[in-house]
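Descriptive analysis of the structure
One-letter residues, chain by chain:
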Amino acid sequence: MKTLVIAEKPSVAQDIVRALTPVAGKFDKHDDHFENDKYVVTSAVGHLVEIAAPEEFDVKRGKWSFAHLPVLPPYFELKPIDKTKSRLSAVVKLVKRKDVSRLINACDAGREGELIFRLIEQYAGGLKNGSYQPLGKPVQRLWLQSMTPAAIRDGFEQLRSNEQMLGLADAARSRSEADWMVGINGTRAMTAFNSRDGGFFLTTVGRVQTPTLSIVVEREEKIRAHRSRDYWEIHASFLAEAGEYPGKWFDPNFKKPTGDDADAELRADRVWTQREALAIADAVRGKAASVKEESKPTTQACGLLYDLTSLQREANGRFGFSAKTTLQLAQSLYERHKALTYPRTDSRALPEDYLPTVRQTFEMLAGSGMKHLAPHAKTALDNSYIRPSKRIFDNSKVSDHFAIIPTLQAPSGLSEAEQKLYDLVVRRFLAVFFPSAEFMVTTRISSVLNHHFKTEGKVLVKPGWMAVYGKEAAEDVADAKDGDKGQNLVPVREGETVRTESVEPKGLKTKPPARYSEATLLGAMEGAGKLVDDDELREAMQEKGLGTPATRAAIIEGLLTEKYMFREGREIIPTAKAFQLMTLLRGLGVEELSKPELTGEWEYKLAQMEHGQLSRAAFMGEIAAMTERMVKKAKEYDRDTIPGNYATLSTPCPNCGGVVKENYRRYTCTGADGNSEGCGFSFGKSPAGRTFEPEEAEQLLRDKKIGPLEGFRSKAGWPFVAEIVIKFNEEEKNWKLEFDFGDDKKGEESGELVDFTGSESLGACPKCGSPVHEHGSNYVCEKSVPTLAQPTPTCDFKSGKIILQQPVAREQMSKLLETGKTDLLDKFVSMRTRRAFKAFLAWDKEAGKVNFEFEPRASKFPPRKTAAGAPAKAAPAKKAAPAKKAPAAKKAAAAKTPKAPRKTTAASGKQPSAALAAVIGEGPVSRPEVVKKLWDYIKANGLQDATDKRRVNADAKLAAVFGKPQVTMFEIAGIVGQHLT
């Protein structure tokens, strides 16, 4: 008799076979499994079956009414996932083999891995009389957190019993079924509520997607509620003997306000009236200042290895990749190129037995042809950087999978995007083993007549891990701000009095919080537990957040697809439909659907279930009760509107001139006083399932037409594009909203055949290759409308001739069809912000439609100026200093030494001693120049101590300067001062 081992993925099955071969004998390879005398090893490819309501309880789209809700099936049927049906058949066939007497669950070590195996086992037993029959074959659990051969063999020596895993299995099933019940009933109840007036208004909700949307909506509400306030900062430039440096005024007695009503915009460096700002500037201008300074060394470690969420955030910030794109690229590098480890992980550590594998990976990288990475790998090997560290190797921080790192296989034939992501992972993998970067941080306080100005300098002394990213010098350091974070500061000797050379109050305005990008939204989902007040629930969510690393990208894409949000550049902005859903949930009193607390409560109870402290029946009973309550509240809500924060349009009613106001369902005339029943004019907010943005409703009322607009759905649920007009109805003596399909209506609504004879094709359809023509208000594939040659359309390619007010000329559509994208078009107008923007129109093969593509943005943080240039940038020009013209400023930015006119004066340079001049050369110099030249000499002659790079060994020349055979790097600046006169 044989044992069947079922892994979650084919690659894991291969690892298991390789590990067992030395102890269990050679395996024969078959199409879908490996086999020897003792074991049969096969795998799923993730989930092979999914849960569904039995057919008699399934509610089809056309019956989404309250009469059929709630849907609480007595049991759940399992159905094969279409794209993996053949794999499921192969695995079930092996499970049922008569010579297989025992099963080993080798799916990933976690709740989801447990569910994948349990559903396959259950499906294989077969459904009979409303219940699945047991297979009658004993089950054991292989629990692996490391995939080295030794760890796999140890796992087979310590298999867990089926009884030990029942709690985890119950929690896995319960989470899956509860998500189904809340998602299905919530979506259908809210859709039924919103479709009461006719039509089909799909309103999706879910345990993870709705709280995620709530995070975005609440941020947008804060942005809209923000009222900008004027404030002033006072920037000064101080003149010392060695040169100028900037400073910014601050109040040393300021304390950050606390409490719920605290003003979060108060800062120590802000002044709230222009009069006060001018008074401070006038008081200190031209006056002497005393200086206090503190310098101290500090270190900065490299970030941890990537899990999927941190990789998605970094790739979005650096390259603009969406979370979905990053996951696809990482999956391709894992599956196709075998260059990265499994990407769908929430762990940022490696197993403790993985050190030898890591060393082998460094050796592979050092010997590879990747010239931008190989030298760093070689440096790490030569200096023995690869050592055990709890920060990197920690079994307690490894969950189902470990962190994303490169494999032993050097990739080839990568696309540009794949190469970018691979480099990102490899650089982090290399850098995490390098030493910390070391800085010298200086805080300087310049005091003038009881007014204080702060200047901060941060000098990169030893790059450490930053060298892997090409950061070797001070100007590469991030976070430098003009006026309060210089880089190399000009020196000020102890007791020196400096002069306040120039002072400028800068008038600024407070800004609302930033909108979410995909990077910051992923971070908010990951840290959603911080938003939970209850301590126990917050603790339960600590490791989970909203969704998992593997599902967060899909959640965001789902919200974009359902038009709850849209991307504008890198910003994610909620639509009117999103605000409408939040208003509905609040008004119905089912806000738990929009709060992370629901996930926290589930995680808390599922953890109890895993440890045998809560029964599966009790948990599912609570979910059923919650579902019934949610449906009941929506079903029994009998008021005309939902309370909310609604808009008042500025355009008057076209019928009587009254005030038009928004309510939950409509824009309605409320009479001349804005508080009466009005004349009866109104139009729906969501015709054909598409919700008007307030700006669109305003434009429709003002111009009596708008469009063409995308996103409408027919009663059968099919999407369509149309213009909307408001026309006067003679019979009702009032204005009514109507769809206007233009010439398109012939083919699309009436079924009348379209004749393209004599029409010149613009190019080949990117979907099916057929000719594309002008037709009504669109460019369409000739196979997307009924024609004599093909009465039934088989393609759906269509693109508007006007998109967001931007006309798309024939030549541009031809260019898009030929090359994949248009020229840069500059007359798009955002429906949300009403701002014009530029974009390319490009064919998005993945989405199957024409999408926007934006110009690459220049970095907001241009390269920093070095010591000589930094003060000049921050400080305003002196009154009598005509030399500070633009060309001179440019030259100063490139220079590494103080300005030429001051080079030989006592104020700008000092003479080195004979001993120091023997090392750095003759001539007046500033202290920063000396330090730089010393380090150049130290590096060139290899004088850093091999065992402790923070120490410098003196050769004959340096011994005369240091006065001893060895010094620390932090002593050098002080020693230099003794050799300058």
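Anything mentioned here points back to the structure above.
So, here's what we can say about the structure. (Residues numbered from 1 in each chain as written. Predicted model: local features only at pLDDT ≥ 70, side-chain atom pairs only at ≥ 80, totals over all residues. Heavy atoms only, no water.)

Summing up its helical and strand segments, the protein has 27 helices and 36 strands in all. Out of the 981 residues belonging to the protein, those deemed buried represent 48%. Summarising the internal contacts of the protein: among those between residues at least 6 apart in sequence, 66% fall at separations of at least 24. For the protein, the accessible surface area stands at approximately 47,300 Å², while carbon and sulfur atoms represent 50% of it. (Helix = DSSP H or I, 4+ residues; strand = E, 2+ residues; numbered from the N terminus. Buried < 20%, exposed > 50% of the residue type's maximum accessible area, 1.4 Å probe, protein only. Contact = heavy atoms within 4.5 Å. Areas by Shrake-Rupley, 256 points an atom, 1.4 Å probe, with all protein chains shown as cover.)

With that settled, consider helix α25 (residues 927-940). If you check α25, its first and last C-alpha atoms are 20 Å apart, about what 14 residues at 1.5 Å a residue would give, namely 20 Å. Residues Glu929, Val930, Leu934, Trp935, Tyr937 and Ile938 constitute the buried set of α25. On its buried side, α25 packs onto β16 (451-462), α24 (914-920), β35 (951-953), α26 (956-962) and α27 (972-977). Downstream of α25 by one or two residues, Gly942 has phi in the positive range, about 60 degrees. (Expected span 1.5 Å × (residues − 1).)

What follows concerns the sheet that holds strand β32 (residues 825-829). The strand order across the open sheet formed by 3 strands is β32-β33-β34, and the pairing between neighbours is antiparallel. Sheet topology places β32 and β34 (849-853) at the edges, where each strand pairs with a single neighbour. Each strand axis lies, on average, 60 degrees off the axis of its neighbour in the sheet, ignoring direction. Here 3 bridges tie β32 to strand β33 (residues 836-844), and the two strands are oriented antiparallel to one another. Looking at the pairing, Leu825 lines up with Ala839 of β33. (Pairing = 2+ DSSP bridges. Axes fitted to C-alpha atoms, helices over the stretch in contact; angles between N-to-C directions.)

Attention shifts here to helix α12 (residues 416-431). Taking 1.5 Å of rise per residue, the 16 residues of α12 would be expected to cover 22 Å, and the 22 Å separating its terminal C-alpha atoms lies within 8% of that figure. Along α12, the residues classified as buried are Glu418, Leu421, Tyr422, Asp423, Leu424, Val425, Val426, Arg428, Phe429, Leu430 and Ala431.

Turning our attention to the packing of helix α13 (residues 518-526) against helix α15 (residues 549-561). Axis angle and axis distance: for two packed helices, these are the angle between their axes and the distance between the axes, and together they describe the pair. For the pair α13 and α15, interaxial distance at closest approach is 11 Å and the crossing angle is 120 degrees. Overall, the two elements α13 and α15 adopt an arrangement that is oblique. As α13 packs across α15, the resulting crossing turns out to be right-handed. Here Glu518, Leu521, Leu522, Met525 and Glu526 of α13 come into contact with α15, specifically with Arg552, Ile555, Ile556 and Glu557. (Parallel < 35°, antiparallel > 145°, perpendicular 65-115°, else oblique. Left-handed = near helix turned anticlockwise from the far one by under 90°.)

Glancing now at unusual backbone geometry. Negative phi characterises most residues that are not glycine, and trans characterises most peptide bonds. For the peptide bond that leads from Leu69 to Pro70, omega is 0 degrees, which places it in the cis range. One non-glycine residue, Ser384, lies in the positive phi region at around 55 degrees. In this fold, Ser384 is placed in the loop between α11 (374-382) and α12. Residue classification places Ser384 among the partly exposed residues on the basis of a relative accessible area of 45%. Unusually for a residue other than glycine, Lys563 sits at a positive phi of about 60 degrees. As for its position among the elements, Lys563 is in the loop between α15 and β18 (565-568). By relative accessible area, Lys563 is classed as partly exposed at 40%.

Summed over all chains, the structure comprises 27 aromatic pairs. Ring geometry for Tyr39 versus Phe156: centroids 5.7 Å apart, planes at 75 degrees, classification edge-to-face. Note that Tyr39 is positioned in strand β4 (residues 39-43) and Phe156 in helix α4 (residues 149-157), a separation of 117 residues in sequence. A relative accessible area of 7% places Tyr39 in the buried class. On the numbers, 5.5 Å between centres and 70 degrees between planes, the contact of Phe238 with Phe453 is edge-to-face. One end of the pair, Phe238, is in strand β12 (residues 230-240); the other, Phe453, is in strand β16, and 215 residues separate them in sequence. By the burial criterion, Phe238 is buried, and Phe453 matches it. We note Arg219 situated over the ring of Tyr516; from NZ or CZ to the ring centre the distance is 4.2 Å. Between Lys577 and the ring centre of Tyr564, over which it is positioned, the NZ or CZ distance is 4.7 Å. (Phe/Tyr/Trp six-rings, centres within 6.5 Å; stacked < 30°, edge-to-face > 60°. Lys NZ or Arg CZ within 6 Å of the ring centre and 35° of its normal.)

Counting buried positions along β4 gives 5 out of 5 residues, so the element sits mostly inside the fold. Bridge count between strand β1 (residues 2-7) and β4: 5 bridges; the pairing is parallel. For Ala7, the partnering residue across the bridge sits in β4 and is Ser43. The pairing of strand β3 (residues 34-35) with β4 spans 2 bridges and is classified as antiparallel. Bridging across to β4, Glu35 finds its partner in Val40. Turn length for the β3-β4 hairpin, with the two strands adjacent in sequence and antiparallel, is 3 residues.

Relative to the assigned elements, Asp394 resides in the loop between α11 and α12. Judged by relative accessible area, Asp394 falls into the buried class, the value being 7%. Leaving out residues up to four positions away in the same chain, Asp394 has contacts with Ala349, Leu350 and Glu352.

Most of β1 is tucked away, with 6 of its 6 residues classed as buried. Of the two faces of β1, the one carrying Lys2, Leu4 and Ile6 and the one carrying Thr3, Val5 and Ala7 are both buried. Across 6 bridges, the pairing between β1 and strand β7 (residues 100-106) is parallel. Within the sheet, the bridge partner assigned to Leu4 lies in β7 and is Leu103.

In terms of nonpolar packing, the biggest core is built from 86 residues, with Met190, Leu213, Leu521, Met565, Leu588 and Phe619 touching the most fellow members. Here this core gets 10 residues from one element, more than from any other, and that element is helix α5 (residues 162-194). Setting aside residues up to four positions removed in sequence, Leu521 forms contacts with Thr212, Ile215, Val216, Tyr516, Ile556, Met565 and Ile572. In terms of nonpolar packing, the next biggest core, distinct from the first, is built from 52 residues, Ala315, Ala349, Tyr385 and Ile404 among them. (Core = buried A, V, L, I, M, F, W, Y, C linked by side-chain atoms within 4.5 Å.)

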